[in-house]
Amino acid sequence: MLGTRNERASVLVVEDDASVVSTLRSVLAEDRYGVRVAGSLFQARGLLAKALPDLVILDRGLPDGDGLELCRSLRADPRTQRIPILFLSARKEVADRVVGLEEGADDYLAKPFSPAELLARAKAVLRRTMNKPQDPGLLSIGPLRIAPEAHQVFLFDRELLLRPKEYNLLMAFLETRGRVLSRRALLQAAWGLDKELELDTNVVDVTVGSLRRKLGAYGRCIVSVHSVGFRFDPERLPVPPAPPGSAELGTDPKKRRR
Ligand code: CA
C-alpha cells in the first residue's frame, strides 16, 4: 500500500473492454501508476488475493457479473474495506450512480470518459484516502480536532457546541473519507433509522445546514452532491489565518497556498 505521497500508487483496473483498458493503461502509466488489469470478477479476486492495490477502478458490466458485487465484497472484508474504489461505467443514470456510491464506492465516472478527468478523479480519491486520520482515539483534520469519547469537537482549539445529530453527521462525513453519502445513509448514520422505514430526508438537509453554520468558513467542506447527498471535502478547507509575525502568508491572498 501507499506510504508517502511520492511513492507510485498501484491501481487495479477491472475492465473487460480492451480499448478502455488500453486507454487506462496509457494514461495511468504516463503518470507513473503501477497498473494491473483483470478482465472479470474472477480474475480480480485472484489478483486481490496476491496483492492489495491502492485504488480499484471498476467496471459494472463484466462477463461474470456486476462490478457492484466486487465493491460489496471489498467493503465487507476488513483487509480491503479501506481501498478506494472508482466506478467507471456505461450506466450513467443518477440511480446507477446512487447505487454505486451507496455500496461504498468513492467516486463514479460515466463512460465515455475523458482520460484527464479520470486521472484527476483517481488522484483526488487517493489524496482523500491518504488524508484520512488513522488514529480513532483523536481525529484531526485540518484545524478540526475531535475527541470521540467525549463527543467534543474543536475548531482552532475553540470548542464547537454541536447537538448530538450534528456531531453524528460530522463523524459520518469524516469516517467515510470524502465518499458521497446519500441522505438515507446519513439518516442511518446520525439517527440510526432503519432502511425499511419511510423517511423524511429533509431533516438531513436541515441538520447539515445547522452543522455548516456552526463550522463557519469550514462549512463549505460539506459539499452537496446533486441528486445524491453530501460529502466532506477537506480540500475545501480555507487556508488558516497566518500566525502573528509570519509575513509571507498573511498579507496577499493570491500568494497563499490553497
Ligand atoms: Ca464492460
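Residues numbered from 1 in each chain as written. Predicted model: local features only at pLDDT ≥ 70, side-chain atom pairs only at ≥ 80, totals over all residues.

Undergrad: Before we move on, could you go through the overall build of the chain and cite the residues and values that matter?
TA: The helix and strand tally for the chain stands at nine helices and 14 strands. Sorting the 258 residues of the chain into buried and exposed places 28% on the buried side. (Helix = DSSP H or I, 4+ residues; strand = E, 2+ residues; numbered from the N terminus. Buried ≥ 20, exposed ≤ 12 C-beta atoms within 10 Å, placed from the backbone.)

Undergrad: Describe the sheet that holds strand E12 (residues 181–182), and please don't skip the residues or the numbers.
TA: Working definition: the strands of a sheet are paired by backbone hydrogen bonds and lie parallel or antiparallel to each other. The three strands are arranged E12-E14-E13 in an open sheet whose pairing can be described as antiparallel. Looking at which strands have only one partner, the edges of the open sheet turn out to be E12 and strand E13 (222–225). Pairing analysis gives four bridges linking E13 to strand E14 (residues 229–232), with the strands arranged antiparallel. Within E14, the residue paired with valine 223 across the bridge is arginine 231. (Pairing = 2+ DSSP bridges.)

Undergrad: A description of the packing of helix H6 (residues 164–175) against helix H8 (residues 202–215) should follow, citing residues and the corresponding values.
TA: H8 packs onto H6 with a crossing angle of 85° between their chain directions and a minimal axis gap of 9 Å. By the angle between their directions, the pair H6 and H8 is classed as roughly perpendicular. For the pair H6 and H8, the contacting residues are Lys165, Glu166, Leu169 and Leu170 in the first and Thr207, Val208, Ser210, Leu211 and Lys214 in the second. Within the contact of H6 with H8, the residues separate by chemical class into four nonpolar, two polar and three charged. (Axes fitted to C-alpha atoms, helices over the stretch in contact; angles between N-to-C directions. Parallel < 35°, antiparallel > 145°, perpendicular 65-115°, else oblique. Contact = placed C-beta atoms within 7 Å. Nonpolar A, V, L, I, M, F, W, Y, C, P; charged D, E, K, R; others polar.)

Undergrad: Quick rundown of unusual backbone geometry? Include the residues and the values.
TA: Between lysine 111 and the following residue, proline 112, the backbone shows a cis peptide bond with an omega angle of -5°. For proline 112, the position within the fold is in the loop between strand E7 (107–110) and helix H5 (115–131). A positive phi angle, near 70°, is found at arginine 32, a position not held by glycine. As for its position among the elements, arginine 32 is in the loop between helix H1 (18–30) and strand E2 (34–38). Backbone geometry at serine 227 places phi at a positive 70°, although glycine is not the residue there. Residue classification places serine 227 among the exposed residues on the basis of 10 C-beta atoms within 10 Å.

Undergrad: Please set out helix H7 (residues 183–191) residue by residue, giving values where relevant.
TA: Side chains that are three or four residues apart share a direction in an α-helix, a result of its 3.6 residues per turn. Residues Ala185, Leu186, Leu187 and Ala190 constitute the buried set of H7. Against the buried residues of H7 lie helix H4 (94–102), H6, E12, H8 and E14. Count one or two residues on from H7 and you reach glycine 192, which has phi positive near 65°.

Undergrad: Can you break down the packing of H6 against H7 residue by residue, with the values?
TA: Two elements in contact, H6 and H7, have axes separated by 8 Å at closest approach and are oriented at 120°. Put simply, H6 runs oblique to H7. The hand of the H6/H7 crossing is right-handed. Contact residues: H6 offers Lys165, Asn168, Leu169 and Ala172, while H7 offers Leu186, Ala189, Ala190 and Trp191. In terms of residue class, the contact of H6 with H7 is built from six nonpolar, one polar and one charged. (Left-handed = near helix turned anticlockwise from the far one by under 90°.)

Undergrad: Now, about the environment of isoleucine 141: what can you tell me, with residues and values included?
TA: Looking at the element boundaries, isoleucine 141 is found in strand E8 (residues 139–141). Accessibility expressed as a C-beta count within 10 Å gives 17 for isoleucine 141, which makes it partly exposed. Sequence-wise, isoleucine 141 and proline 234 are 93 residues apart; in three dimensions their C-alpha atoms are separated by 7.5 Å.

Undergrad: Explain H1 to me, and be specific about the residues and the numbers.
TA: End to end, H1 covers 18 Å across 13 residues, agreeing with the expected 18 Å (1.5 Å per residue, within 8%). Phi turns positive one or two residues past the end of H1, at arginine 32, with a value near 70°. (Expected span 1.5 Å × (residues − 1).)

Undergrad: I'd like to hear about the sheet that holds E7, residue by residue, with values.
TA: If you walk across this open sheet you meet the five strands as E2-E1-E3-E6-E7, and the pairing is parallel. Bordering the open sheet on either side are E2 and E7, each of which pairs with just one other strand. Neighbouring strand axes in the sheet, compared pairwise and without regard to direction, differ in orientation by 20° on average. Bridge count for strand E1 (residues 10–14) against strand E3 (residues 55–58) is four bridges, and the pairing is parallel. Across the sheet, leucine 12 pairs through a bridge with valine 56, a residue of E3. Of the strands in this sheet, E1 and E2 touch helix H2 (residues 41–50), which is tilted by about 140° from E2.

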